[in-house]
Amino acid sequence: MFLNKSSLMIAVALAATAGAVVMVNKYDTAVDTIENLTGANERLLKQVSAYEADLYQSEQDKRALRSDLKQQEQMFNAYLADFSDVKEQQTVVQTKLKEVFINEPANQDWGNTKLPPNIKRVFDDATRTTGDHDNETSSGAAPAAPP
């Protein structure tokens, strides 16, 4: 089996060509893969940027909500303090009113004060039953003739 130099060269050329075709195909596949991955990477970078913007906005909203919450808490605490002060003042006023009613001379002796005769007569007439002295008046005057 003698191979001549030209057939050996042709075999080497065919092998080199076949190897070159395989290498070109692998290179094209690698280039396509790189292009696909680059495109996917760019899409993912855009999504990451969008998510970062959303995250930044949500952080801003969270800060604003915390600020509002602190302000509401301060307002509520101020309201409680004012309410406490008003309640305390109301208690003081009620205590002073009780003291005035208890210590007022006119209020102390009212139970021992005699009623004026005219008022006593009105009460007596109002509490008298109908069978008690139907024809008498409390002042002792003659009864009026019925109409």
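Rules used throughout
Residues numbered from 1 in each chain as written. Predicted model: local features only at pLDDT ≥ 70, side-chain atom pairs only at ≥ 80, totals over all residues. Heavy atoms only, no water. Helix = DSSP H or I, 4+ residues; strand = E, 2+ residues; numbered from the N terminus. Buried < 20%, exposed > 50% of the residue type's maximum accessible area, 1.4 Å probe, protein only. Areas by Shrake-Rupley, 256 points an atom, 1.4 Å probe, with all protein chains shown as cover. Patch = residues over 30% accessible without salt bridge, like charges linked within 9 Å, V, L, I, M, F, W, Y side chains within 5 Å. Salt bridge = Lys/Arg side-chain N within 4 Å of Asp/Glu carboxyl O. pLDDT = per-residue confidence, 0-100.

**Q** Run through the overall build of the chain, naming residues and quoting values.
**A** Of the regular secondary structure elements, the chain holds 3 helices and 0 strands. Counting across all 147 residues of the chain, residues that qualify as buried make up 1%. When the accessible surface of the chain is totalled, it reaches about 13800 Å², and 62% of it is carbon and sulfur.

**Q** Can you break down a nonpolar patch on the surface residue by residue, with the values?
**A** Together, F76, Y79, L80 and F83 make up a nonpolar patch on the protein surface, roughly 430 Å² of accessible area in all. With respect to the helices and strands, F76 occurs in helix α1 (residues 5–103).

**Q** Account for the pattern of salt bridges, naming residues and giving values.
**A** For side chains bearing opposite charge, pairing can occur when the charged atoms are close. One pass over the full model with this rule turns up 3 salt bridges. We note a salt bridge from D125 to R128, for which the minimum N-O separation is 3.8 Å.

**Q** Describe the confidence of the model for the chain, with residues and values.
**A** Per-residue pLDDT for the chain has a mean of 83; in total, 81% of the residues score no lower than 70. Within the chain, α1 carries the highest mean pLDDT (90), whereas helix α2 (residues 105–108) carries the lowest (66).

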